[in-house]
Amino acid sequence: MINPLSPMTKLDAVNGMLASIGQAPVNSLDVTGIRDVNIATLALDNTTREVLNRGWSFNTDKRYPLSVDVNGYINVPTGSLSVDPSDPSLDLVVRDNGGQLMLYDRKNHTFKINKSPVECDIIWAMDFEAIPQAARTYIATRAARIFQSQVIGSDILFRFTDLHETEAFALLTRMEARTKDRNIFRNSSDTNGVFFYRN
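First, a word on what this report is: a plain description of the structure on this page. Remember, predicted model here, so these are calculated numbers, not experimental data.

For the rest of this paragraph, the subject is the packing of aromatic side chains. The tally for this structure, following the rule as stated, stands at 5 aromatic pairs. On the basis of an interplanar angle of 65° and a centroid distance of 4.9 Å, the ring pair of Tyr-104 and Phe-111 is categorised as edge-to-face. Residues Tyr-104 and Phe-111 agree in their burial class; the two are buried. Between the aromatic rings of Tyr-138 and Phe-169, the centroid separation amounts to 5.1 Å while the plane-to-plane angle is 55°, which identifies the pairing as tilted. Taken together, the positions of Tyr-138 in helix α3 (residues 133–151) and Phe-169 in helix α4 (residues 155–184) put the pair 31 residues apart, joining distant regions of the chain. Tyr-138 gets classed as buried once you look at its relative accessible area, which sits at 4%. Through successive ring pairs, a cluster of aromatic residues spans Trp-56, Phe-58, Tyr-138 and Phe-169. Of note, Lys-112 hangs over the ring of Tyr-73, and the distance from its end group to the ring centre comes to 5.0 Å.

The 3 strands are arranged β1-β5-β2 in an open sheet whose pairing can be described as antiparallel. Two strands lie at the open edges of the sheet, namely β1 (60–66) and β2 (80–85), each paired on one side alone. In this sheet, adjacent strand axes meet at a mean angle of 35° when their direction is disregarded. Bridge count for β1 against strand β5 (residues 118–124) is 5 bridges, and the pairing is antiparallel. Each residue of the ladder has a partner; that of Thr-60, found in β5, is Ile-123.

Moving on: the pairing of strand β3 (residues 92–97). Moving residue by residue along a regular strand, the side chains alternate between the two faces of the sheet. Two elements, β3 and strand β4 (residues 100–105), share 6 bridges in a ladder whose sense is antiparallel. The residue bridging Leu-92 from the neighbouring strand is Asp-105, located in β4. If you look at the hairpin formed by β3 and β4, you'll find 2 residues sitting between the two strands, and Gly-98 has a positive phi there, around 65°.

Put simply, helix α1 (residues 10–19) and helix α2 (residues 35–52) touch, their axes get as near as 9 Å, and they point 120° apart. Put simply, α1 runs oblique to α2. The two elements α1 and α2 cross, and the hand of that crossing is right-handed. Between α1, through Lys-10, Ala-13, Val-14, Met-17 and Leu-18, and α2, the contact on the second element is made entirely by Asp-36, Val-37, Ala-40, Thr-41, Ala-43, Leu-44 and Asp-45. Residues of the contact of α1 with α2, tallied by class, amount to 8 nonpolar, 1 polar and 3 charged.

Before going further, it helps to examine the nonpolar core. Core analysis: the largest hydrophobic core is formed by 27 residues, its most contacted members being Met-17, Leu-44, Phe-128, Phe-147 and Leu-172. Contributing elements (two or more residues each) for this core: α1, α2, α3 and α4. Here this core takes 8 residues from α3, the largest share from any one element. Counting residues in each nonpolar core, the second largest holds 11 residues, with Leu-66, Ile-113, Ile-122 and Trp-124 among its members.

Turning our attention to the pattern of salt bridges. Note that side chains of opposite charge can pair when their charged atoms are close. Counted according to the given criterion, the structure contains 7 salt bridges. Its salt-bridge partner being Asp-36, residue Arg-35 comes within 3.8 Å of it at the nearest N-O pair. The exposure class assigned to Arg-35 is exposed, which follows from its relative accessible area of 59%. Judged by its relative accessible area of 14%, Asp-36 falls in the buried class. Of the charged contacts in the structure, one is a salt bridge between Glu-50 and Arg-54, with a shortest N-O distance of 3.5 Å. Judged by relative accessible area, Glu-50 falls into the partly exposed class, the value being 31%.

So, how was this worked out
Residues numbered from 1 in each chain as written. Predicted model: local features only at pLDDT ≥ 70, side-chain atom pairs only at ≥ 80, totals over all residues. Heavy atoms only, no water. Phe/Tyr/Trp six-rings, centres within 6.5 Å; stacked < 30°, edge-to-face > 60°. Buried < 20%, exposed > 50% of the residue type's maximum accessible area, 1.4 Å probe, protein only. Helix = DSSP H or I, 4+ residues; strand = E, 2+ residues; numbered from the N terminus. Lys NZ or Arg CZ within 6 Å of the ring centre and 35° of its normal. Pairing = 2+ DSSP bridges. Axes fitted to C-alpha atoms, helices over the stretch in contact; angles between N-to-C directions. Parallel < 35°, antiparallel > 145°, perpendicular 65-115°, else oblique. Left-handed = near helix turned anticlockwise from the far one by under 90°. Contact = heavy atoms within 4.5 Å. Nonpolar A, V, L, I, M, F, W, Y, C, P; charged D, E, K, R; others polar. Core = buried A, V, L, I, M, F, W, Y, C linked by side-chain atoms within 4.5 Å. Salt bridge = Lys/Arg side-chain N within 4 Å of Asp/Glu carboxyl O.

Shown next as structure tokens:
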């Protein structure tokens with residue numbers, strides 16, 4: 001039984017998705033041979049990746065230092081969804097180099113990076129159960145809408161969960177706004193930019 005006072009688990013989310021099409025809940029995601037469970041789990045994973053890729057305060061690092069290796073390359077960190085140099089004058093992008101994602105210097109046409117470390121803004125992938133509850137709720141609701149449209153395709157069910165998705169997204173954006181309000185006063189450079197504007 002789901003404890004309403006506990007944060008949503010991945011199993012809770014999948015069972016909610018199954019309930020949206022009138023299916024019975026399962027006790028584990030490790031079950032085999034149940035098509036709807038597999039489709040729901042895949043939909044939840046894809047939606048988690050999609051939503052996190054937008055970049056939120058809880059999964060984004062600003063000015064994260066990346067250093068060159070012994071060969072002069074900068075490998076893209078495992079678990080990163082997006083890596084972008086914080087300095088806009090650096091024309092570095094992520095490219096594959098023999099099966100390894102690295103930063104590539106488009107100006108000089110090389111994987112050899114002359115500067116180290118390079119500060120980057122990084123968006124991280126995270127497990128569903130490692131993100132804030134508001135994000136879990138939005139992802140689970142959006143995944144449920146996508147899932148039931150794939151499995152059943154009912155217009156009535158679609159309208160029902162579309163409303164819930166809108167409400168869940170509003171809750172998530174309010175949480176994000178509150179978090180950013182707190183962070184701006186913890187970052188001296190941002191604070192100086194607000195109170196001491198310079199031309």
